[in-house]
Amino acid sequence: MKFSNTKLIMKQKTLKKLGLLLSIATSFFISPVFSQTPVISLDIAKANKNVSPMLYGLMTEEINHSYDGGLYAELIRNRIFKDSKTEPEGWSLVKDSPSTEADIKLIGAEENVPNDERRNGINGAMQACLRLTVEKADGRVGVANEGYWGIPVRPSTTYKASFYIKGTDRREPPRWPWEPKPTTPPLPVIENNTPGPITVSIESNDGKTVYAKGTINLEKSIYWKQYEVNLTTSADVKPTKDARFVISTNRVGVYYFNFVSLFPPSYDNQPNGFRVDLMQKLVNMKPKFLRFPGGNFLEGPKITDAFPWKTTLGPIANRPGHNGSWGYRASDGLGLLEFLEWTEDMGAEPLLAVYAGYSLDGDHIDAGPLLKPYVDDALDEIEYVIGDTSTYWGAKRAADGHPEPFKLKYVEIGNEDWFDRSNSYDGRFNQFRNAIEAKYPQLTCISTIPATQYPAMKVTSGEEPKVVDEHYYRNSWDMWENASQYDKYDRNGPKIFVGEWATREGAPTTNLNAALGDAAWMTGMERNSDLVIMSCYAPLFVNVSKDSATGKRAWQWDSDLIGYDALNSYGSPSYYVQKLFSHYLGNKIVPATVSNIPLQKAPLSEKDSAEGKTAKSVPTIFYSATMNDTTGALYLKIVNTSPKKQTVKINLDGISKVAPEATIVTVKSNKPTDTNTITDPEKIVPETTTEKGMRKNFSRIFPPYSVTVLQIQTGNSF
Ligand code: AHR
């Protein structure tokens, strides 16, 4: 994988440092100092400040095979043969008999296509294709696709297969008089015997077990034609991902393939839809918004690689795909409309990030006339999202199947523009903001340079941005140390969108210690959600597969929220913490006073020790409390990060009565390094119990390494 650009290199260095700190951190769990019982006193009568209704959302981009090989249900890898310019990646030759003579070749991916291989384009998106040449057929011969680390096979399941195919003979191609004569002797003629049945199957990688099979009848034509066939597995098939997709013949000839597609049933059975288990996990989180399309994926390594939303629209066969930002090409099967529909399916709102003229390799476009086309492009994009059908792009959206405008409140201008060392963001941000807010005064533009983190680079011209995006990738000690940072923020400054954050411990998905870091951090955001109006963890997804031959990983970024392979998926402990925080949330912030919170000393890095720094003390108990002022439900979240159980005295002041029975949900385990994996997906999941004996003043023991939510009913009528 090539990560040549400056931004990525800087990120890798930061991560290395983080890793070093982390390894030191996890090897020194210094025992906390316990003396008096911690006390948390909630003043429920003073629960006046609103919890932001958009507090918890999701962030997404094409990283770690989040879409291709992830949420996007397409099972065929490299379906239009553009993933590599030299090899038909993901494809191989299948022949049942050693005496069959055949080969496969990627055609048309390079600029210079040999004369005999011209005339193979289907449209502007599909210029490359796969050629199967069968010189001698002794039984079955064909092409196989390995999928994204396997094709998932499930019982009683119907898969929709489709592909373009044509069959021809092989003979000397016609040449223009001015073309040079080939220097090699012509290959022997192969007669065209291609018309007839073509078999399509999902089968084991060794070809011995066929899980589902169908046939199409290839017509005699030298032109492309698309064929479709359904493949259904039987009820007694055992689920497996060790399978491949094969299209085969038993006749000589030259066969060409393009746009080979295989869809299993998708979420809500939508065409070109989403993988069911992954979508369900997201829906279960009840997110309020979806930030897309990035992240780095928005920017692209080069200016020409920025998210090309216009070519991600319309029929999928028209989408050329584009260079992603994480070392592999994006099919764009999941394009702008699919992002919006995905958001809608989750009952969330889009938070649209528009490309703002800075790309990862470090190039930027200065504010002024050169930037104008990009600003216009963003205006078009917004029109596609919210324009009514009388507008050009609104009408296009309607033609694409969604006449209703989507909801949109926030537009983010770029991503992490503090990486842009040219200091051009001030001008770029203002050019975008002025144009967007002039046309759409109801929208709020988010700046990606928060003054708190990058004071020297912040937007200074024009009005102060109303919302700024802060990003935090930290280890658990840093999270615990900084969990109360928003308690001290200036309330007269911009609102905060924590657009990317995570406690980065555990790989590929996070472990319990990371979840404890996350939970502590979230208590801080929640207590301050008058200021922190939105937040979203990142990255959301990771394909945890590895190449069986080379061991190469499917992912680029460690410590992710939801892991999966071709067949199964699981939530990390952090996932369950996210779910818990989003489910058990009131609409009012309950203020509290706390005392006697035990501290523990954070380990010093070698460098800090050498510099004679003293270890910082960080709390071991974190809390937040919100309540629903309509139902009277109080949600108290307590995080115990220490290796010991801790008793906490809780006072519920400012209410008349408390129901004696409460719902308690706990995420915990014995070791902070405990985690969920693809083979042990539910080692750490929330446990829900009911507890009696709730009073206005009570003490409760919180287990070691635990996140606990107490849902307590308050009111007068018990
Ligand atoms: O979340 C992974 C990456 O981290 C994002 O693409 C980028 O915005 C951030 O640096």
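The structure displayed is predicted, hence computed values, not measured ones.

What follows deals with the pairing of strand β36 (residues 706-715). For a regular strand, side chains alternate in direction, first toward one face of the sheet and then toward the other. Within β36, seven of the 10 residues are buried, leaving the element largely enclosed by the surrounding structure. Relative to β36, strand β30 (residues 633-640) runs antiparallel, the two being bridged by eight bridges. Each bridged residue has a counterpart across the sheet, and for V639 the counterpart in β36 is V707. Both strand β32 (residues 657-658) and β36 contribute to a ladder of two bridges, which runs antiparallel. The residue bridging K657 from the neighbouring strand is G715, located in β36. Both strand β33 (residues 662-668) and β36 contribute to a ladder of six bridges, which runs antiparallel.

Below, the discussion takes up the pairing of strand β21 (residues 532-537). Counting buried positions along β21 yields six of six residues, so the element is predominantly enclosed. The pairing of strand β2 (residues 56-59) with β21 spans three bridges and is parallel. Bridging across to β21, G57 finds its partner in C536. Sheet topology note: the strand β20 (residues 495-503)/β21 ladder contains three bridges and is parallel. By the bridge assignment for β21, V498 is matched with S535.

Next up on the list: the sheet that holds strand β22 (residues 541-543). Note: strands within a sheet are paired through backbone hydrogen bonds, in either parallel or antiparallel orientation. If you trace the three strands from one edge of the open sheet to the other, you get β22-β23-β24, paired in mixed fashion. In the strand order of this sheet, the two ends are held by β22 and β24 (569-571), each with one partner. Averaged over all adjacent pairs, the angle separating strand axes in this sheet is 20 degrees, with direction ignored. Where β22 lies against strand β23 (residues 562-564), three bridges are found, and the strand directions are parallel. In the strand pairing of β23, V542 is matched with G563. On top of the sheet, helix α2 (residues 276-284) reaches β22, β23 and β24; it is set at about 15 degrees to β24, its chief contact.

We now examine the pattern of salt bridges. Enumeration according to the criterion identifies 39 salt bridges in this entry. A salt bridge links K396 to D400, with the shortest nitrogen-to-oxygen separation between them at 3.2 Å. Judged by its relative accessible area of 24%, D400 is partly exposed. Several salt bridges share partner residues, and in doing so they unite D96, R140, E203 and R244 into one network.

Glancing now at the confidence of the model for the protein. When the pLDDT values of the protein are averaged, the result is 94; 94% of them are 70 or greater. Long-range and interchain partners of residues 1-6, a stretch whose pLDDT sits below 50, account for 17 contacts in this model, where long-range means more than four residues apart. Here residues 8-31 is modelled with pLDDT under 50, and outside its nearest four sequence neighbours on either side it reaches 39 contacts, counting other chains as well.

Rules behind the numbers
Residues numbered from 1 in each chain as written. Predicted model: local features only at pLDDT ≥ 70, side-chain atom pairs only at ≥ 80, totals over all residues. Heavy atoms only, no water. Buried < 20%, exposed > 50% of the residue type's maximum accessible area, 1.4 Å probe, protein only. Helix = DSSP H or I, 4+ residues; strand = E, 2+ residues; numbered from the N terminus. Pairing = 2+ DSSP bridges. Axes fitted to C-alpha atoms, helices over the stretch in contact; angles between N-to-C directions. Contact = heavy atoms within 4.5 Å. Salt bridge = Lys/Arg side-chain N within 4 Å of Asp/Glu carboxyl O. pLDDT = per-residue confidence, 0-100.

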